[in-house]
Amino acid sequence: MSRRSNMKMLIRGGSIAAGYGVTKGYADILKEILEANSIEVINRSRHLETSFDGIEKFNEDIAAIVPDILLLHFGVDDAFGYVYRSEFQENIVQIIRRARALFSPLIFLATAHTFDNHHDMSAVDIFYHSLRIVAVDLNCKSISLDRYWAGYLAKNGLTSADLVLSDPRYPSEKGHEVFARAIMKVLYRALPALT
């Protein structure tokens, strides 16, 4: 996709994408960077929303915006909200198909962070795996935030607890900075015109 002026990037997800619990989330950081490159960033993510909300509110949150770039960031709220993995995967597929039928955006699917608790990690990892499957099957760009996060922790001698709030589902502002850095690396590769 070649860059043109006034491109729109829409972020649609749940609590993490909404920046729950922090003053400045990764969406705010991306907004600062991308708007300097003539890409408007719109965040329609909300606390505790799952992929079912993404389907239900598709017309108002996605179709009404007609974004050039769509970043879908669901998974953690689905995992802890008792959504079946098969339902989650089908919901993501349906959002992608509906978006492509209407305006054919460049689509990114993002995972989230790793968890120190083995059971929590097992719960979310199923959903991360589903996102990777959909990205391959439907030719979307995958943003493996969990892998970048794990590498960042190893490099800096940290645990996830160092980058999350007291509720480990939600990254701290430092955690959001790590997310923003990882997302920008993928965007730079996908949109070479970015400086």
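Bear in mind that the values here come from a model prediction, so they are computed numbers and not experimental data.

### So, the overall build of the chain
Helix and strand counts for the chain come out as nine helices and five strands. Mapped from its N terminus to its C terminus, the chain presents α and β elements in the order β-α-α-β-α-α-β-α-α-β-α-β-α-α. Principal axes of the C-alpha set define a box for the chain whose edges measure 40 × 35 × 30 Å. For the chain, long-range pairs separated by at least 24 residues make up 77% of all intrachain contacts whose partners lie at least 6 apart in sequence. Within the structure as shown, the chain displays about 8900 Å² of accessible surface, and the carbon and sulfur contribution to it stands at 50%.

### Topic: the sheet that holds strand β1 (residues 7–13)
The strand order across the open sheet built from five strands is β2-β1-β3-β4-β5, with neighbouring strands paired in parallel fashion. Strand pairing shows two members of the sheet lacking a second neighbour, β2 (39–43) and β5 (141–143), which therefore form its edges. Taking the axes of each pair of neighbouring strands and ignoring which way they run, one obtains an average angle of 20° across the sheet. With five bridges joining them, β1 and β2 adopt parallel strand pairing.

### Points about the nonpolar core
Among the nonpolar cores identified, the biggest contains 67 residues, and Y26 and L109 are the most heavily contacted of them. Ranked by residue count, the leading element in this core is helix α9 (residues 173–190), at nine residues. Once residues within four sequence positions are removed from consideration, Y26 is found in contact with I11, I16, A17, L71, H73, H176, F179, A180 and I183.

### A few points about a positive patch on the surface
Among the surface-exposed residues, K155, R181, K185 and R189 lie close enough to one another that they form a single positively charged patch. The biggest single contributor to the positive patch is α9, with three residues. Take R181: it is sitting in helix α9.

### Let's talk about the packing of helix α2 (residues 26–35) against α9
At a minimum axis separation of 8 Å, α2 and α9 run at an interaxial angle of 45°. Looking at the two axes, α2 sits oblique to α9. Considering how the two elements wind past one another, α2 and α9 form a crossing that is right-handed. Residue-level contacts link Y26, I29, L30, I33 and L34 of α2 to H176, E177, F179, A180, I183, M184, L187 and Y188 of α9. Across the contact of α2 with α9, the residue classes tally to eleven nonpolar, one polar and one charged.

### With respect to the pairing of strand β3 (residues 69–73)
Consecutive side chains of a regular strand alternate in pointing toward one face of the sheet and then the other. Among the five residues in β3, five count as buried, and that is most of the element. Neither face of β3 is left uncovered, since the one carrying I69, L71 and H73 and the one carrying L70 and L72 both have all their residues buried. The pairing of β1 with β3 spans five bridges and is parallel. Bridge assignment links M9 to a residue of β3, and that residue is I69. As defined by bridge partners, β3 adjoins strand β4 (residues 106–110) across four bridges and the pair is classed as parallel.

### A look at the pattern of salt bridges
Side chains that differ in sign of charge can pair as their charged atoms come close. By the definition in use, this model includes eleven salt bridges. Linking R46 and E49 is a salt bridge whose minimum nitrogen-to-oxygen distance equals 3.2 Å. E49 gets classed as buried once you look at its relative accessible area, which sits at 6%. Linked by salt bridges that have partners in common, R12, R44, R46, E49, K57 and D61 make up one network.

What counts as what
- Residues numbered from 1 in each chain as written.
- Predicted model: local features only at pLDDT ≥ 70, side-chain atom pairs only at ≥ 80, totals over all residues.
- Heavy atoms only, no water.
- Helix = DSSP H or I, 4+ residues; strand = E, 2+ residues; numbered from the N terminus.
- Contact = heavy atoms within 4.5 Å.
- Areas by Shrake-Rupley, 256 points an atom, 1.4 Å probe, with all protein chains shown as cover.
- Pairing = 2+ DSSP bridges.
- Axes fitted to C-alpha atoms, helices over the stretch in contact; angles between N-to-C directions.
- Core = buried A, V, L, I, M, F, W, Y, C linked by side-chain atoms within 4.5 Å.
- Buried < 20%, exposed > 50% of the residue type's maximum accessible area, 1.4 Å probe, protein only.
- Patch = residues over 30% accessible without salt bridge, like charges linked within 9 Å, V, L, I, M, F, W, Y side chains within 5 Å.
- Salt bridge = Lys/Arg side-chain N within 4 Å of Asp/Glu carboxyl O.
- Lys, Arg positive; Asp, Glu negative; His and termini not counted.
- Charge placed at Lys NZ, Arg CZ, Asp CG, Glu CD.
- Parallel < 35°, antiparallel > 145°, perpendicular 65-115°, else oblique.
- Left-handed = near helix turned anticlockwise from the far one by under 90°.
- Nonpolar A, V, L, I, M, F, W, Y, C, P; charged D, E, K, R; others polar.

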